[in-house]
Amino acid sequence: MKLAAHARPVRNVLQASAAALLLLLTSSPSSAAERDAAHALQVMPLPRSLEPSQGLLVITPAGALSGFQLLVDPLPGRGGVGTDTRLQSAVQRLLVRLDRTCGGDVLRSAAAPVAGRAQLEIAVEAPGEAVQSLGEDESYTLEVTPSGGHLSAPTVLGAMHGMETLLQLVSFEDGACVVPAVTIHDAPRFAWRGFMLDVSRHFEPVSEIEHTLDGMAMVKLNVFHWHLSDDQGFRAESRLFPRFTAVASSGEFYTQEQMREVVAYARARGIRVVPEFDVPGHTTSWLLAYPEIGAGEHITTLPVTFGIPQAELDVSSEKTYKFLDAFLGEMAQIFPDAYFHIGGDETEGKGWLDNPRIAAFMKQKGFSKPAELQAYFNQRLLPILARHHKKMIGWDEILNPALPKDVVIQSWRGEASLVQSAGQGYQGLLSAPYYLDGQKTAEEMFLADPVPADTTLAAAQQKLILGGEVCMWSEQVHSVTLDSRVWPRTAAVAERLWSPQADRDIADMYRRLRRVSLSLEAAGLTHISGPQQLWRDLTRNPHPEAMELFASMLEPVSFSDRYQAQKTDRFTSLDRLVDAVVPDPPSRQELAREVDAVLLSRDQEAARRLAARFTAWQHSEPELLSAAVSSPRLSDMRPRVHQFVTLADAGLEALAYLQSSAPPPPGWRAAKLAVIAEAETPVAVVRFTFLPSLRRLVEAAAKDHQQEGRP
């Protein structure tokens, strides 16, 4: 589709200005106001209290050996822990990251302290508990002046959070690495701020787990919920029951030494590890290895497809509880945390009803529904866990008034179950709005609050809400794509769980999210570089500029939409266009801001930026179509490419009509809105991010002449 003849001159002028406009956009700020804006604090999560002051603490001045040194105060006479090994390791990581950020002199300076240099003093009163617990003090105070800084905390845990805040404050000014003067008093809003990773559907190596823990620590998440068993695989080595890994892991599992390594790695970063072994349903892998504890289903292999296979433990048999006692006791020696996740979700109980012996047991007990038998199972499991010094946590299907009140309910089916469990006196966690495979925007998840301002819960019931967990189910991710599905959106949820309830500024959240995204990548995560690697692989082009442009305007559909379109299973190759695009990319906000500037203030610079974008989309067509033809993995994207160019035409035409004296011809608005409506239907299991903004632009172009009385 081409521009109308009277619109072409405007398009040509806009195209000619694109290069100059792009140069302007990438130039450095020069005015004092711009430099002040650059100092806007980039901390995420937002602290409880932050008071900026005047001046900067210089860490590494340009052209000179660093004047910065760090001191860990042993706090004589106050039980200080300056020699605590966990604190020392955290300080060393702080110095390494400062060294990498600031240019290479920090480590040298720290190794050779000199009197009179600027200092950061860290003072910690106690090491914290030997096994990190729910509710352990995580507070800290950070005070920075031009002459030095002081970080104090009651525990090493709080000190580590303060170090992360300090690192986020670092910026550059006139060739120096600096920290703005500020006073921060900080503590989390919720004690449980978790991230759940499923490694059953797609296994993740220890290295991937550990750099995920690094990212969690950077945004102050403190619970790693490790989903270690499900129908598609059993991932934890058991020496008492070796068939779990011999026949039910496809050869991909964690040894006991590796699991202990992950626990230690997490503790060093202030993160608890809560394992999950899903029972009594989702147990195909259990029963493939040990059919004698099953309800009688004939299982010969691990499932290829996803869903809910019929596989339940025989909860009527004493041998099942003896088996679980031994297994849970073994795992309790590896995972020291007080909480143990039993899953408990999606247990349909068909195998129980089909088994005459179990059906008779249900009748004997007076049970008419599988849910009642599952409640009986959980009651039997509770004393087993208690014997191994563990508390039960499970998905919201386990909620039953017969369970004691120290059971934690994790709500995944909706916020209503969280309110229900708290109303009945149970502690709870919210996960329903934080499912990353739902491909929600960071904004949607950020605004979803475990205890919203309009909650109906009484004050005492609100205190039962421990926090929440982000969930990453792995049916459609693997080690290359995991990071791009998790980050940086998880940082937005981390802020919701840490920061005050009144923190609701979406624009500012995104501003800080883009900055922390770069820091996460610098720390070893690959949510930026991973998709770039896939784009190069998909196109066999070392510089796939058109592909990168195209992909930046797309996002994946949800897990369920992709599953319905492709019927993905355990053997689906996750290396297509949908795997190379990221959820909630910056393009959504960027296009919205530019359209706002054009429509609300007639900003000519914004109009030129938009025109440059649309023109670049048009110019990308030959390269994109060539890639779609040459690569079988991109064959389904051709319709999207044609839509991309047609949408670019619509955008350029709308801009032309907004700036010209000629109105659009009859039917133009309807035709363009039809194009946008057609593009809203997912194709190649990806969606365009910018369609609402383009719709606004087209609507405005059609109305503009009427509003201004033009002919």
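Residues numbered from 1 in each chain as written. Predicted model: local features only at pLDDT ≥ 70, side-chain atom pairs only at ≥ 80, totals over all residues. Heavy atoms only, no water.

## What about the packing of aromatic side chains?
Here the structure, examined in full by the defined rule, presents 34 aromatic pairs. The interplanar angle of 35 degrees and the centroid separation of 4.6 Å between the aromatic rings of Phe203 and Tyr254 together place this pair among those described as tilted. Of this pair, Phe203 sits in the loop between strand E8 (192-198) and helix H7 (206-218) while Tyr254 sits in the loop between helix H8 (243-247) and helix H9 (256-267), and the two are 51 residues apart along the sequence. As far as burial versus exposure is concerned, Phe203 and Tyr254 are alike and both buried. Where Trp617 meets Phe690, the ring centres are 4.6 Å apart and the plane angle is 40 degrees; that geometry is what we call tilted. A residue pair is termed long-range when its members are at least 10 positions apart, and Trp617 in helix H26 (residues 604-619) and Phe690 in the loop between strand E18 (686-688) and helix H30 (691-707) qualify at 73 residues. An aromatic cluster is present here, built from Phe234, Phe241, Phe244, Phe277, Trp286, Tyr290, Phe323, Phe327 and Phe340 joined pairwise through their rings. Above the face of the Phe446 ring, Arg496 is positioned so that its terminal group lies 4.6 Å from the ring centre. (Phe/Tyr/Trp six-rings, centres within 6.5 Å; stacked < 30°, edge-to-face > 60°. Helix = DSSP H or I, 4+ residues; strand = E, 2+ residues; numbered from the N terminus. Buried < 20%, exposed > 50% of the residue type's maximum accessible area, 1.4 Å probe, protein only. Lys NZ or Arg CZ within 6 Å of the ring centre and 35° of its normal.)

## Things to note about unusual backbone geometry
In this model, Val279 is joined to Pro280 through a cis peptide bond whose omega is 5 degrees. On the secondary structure map, Pro280 appears in the loop between strand E11 (272-277) and helix H10 (284-289). Look at the link from Trp487 to Pro488: it is a cis peptide, with omega at 0 degrees. Here Pro488 lies in the loop between helix H18 (482-486) and helix H19 (489-498). Positive phi values are uncommon outside glycine, yet Ala684 reaches one of about 60 degrees. Relative accessible area serves as the criterion here: at 14%, Ala684 is assigned to the buried category.

## Regarding the state of the cysteines
One way to say it: the disulfide is the covalent bond shared by the sulfur atoms of two cysteines. Under the criterion given, the structure shown has one disulfide. One disulfide in the model links Cys102 with Cys177; its S-S distance is 2.0 Å. For the disulfide bridge between Cys102 and Cys177, the dihedral angle about the S-S bond is near -45 degrees, and by the sign convention the bridge is left-handed. A residue pair is termed long-range when its members are at least 10 positions apart, and Cys102 in helix H4 (residues 85-102) and Cys177 in strand E7 (residues 176-186) qualify at 75 residues. Using a relative accessible area of 10% as the deciding quantity, one classes Cys102 as buried. When its relative accessible area of 1% is taken as the criterion, Cys177 is described as buried. (Disulfide = S-S within 2.5 Å.)

## Comments concerning the side chain of Thr284
As for its position among the elements, Thr284 is in helix H10. Here Thr284 falls in the buried class, since its relative accessible area comes to 4%. When residues no more than four places from it in sequence are discounted, the contact partners of Thr284 are Asp231, Ile299, Thr301, Pro303, Pro309 and Ala311. (Contact = heavy atoms within 4.5 Å.)

These figures come from the coordinates and say nothing about function on their own.
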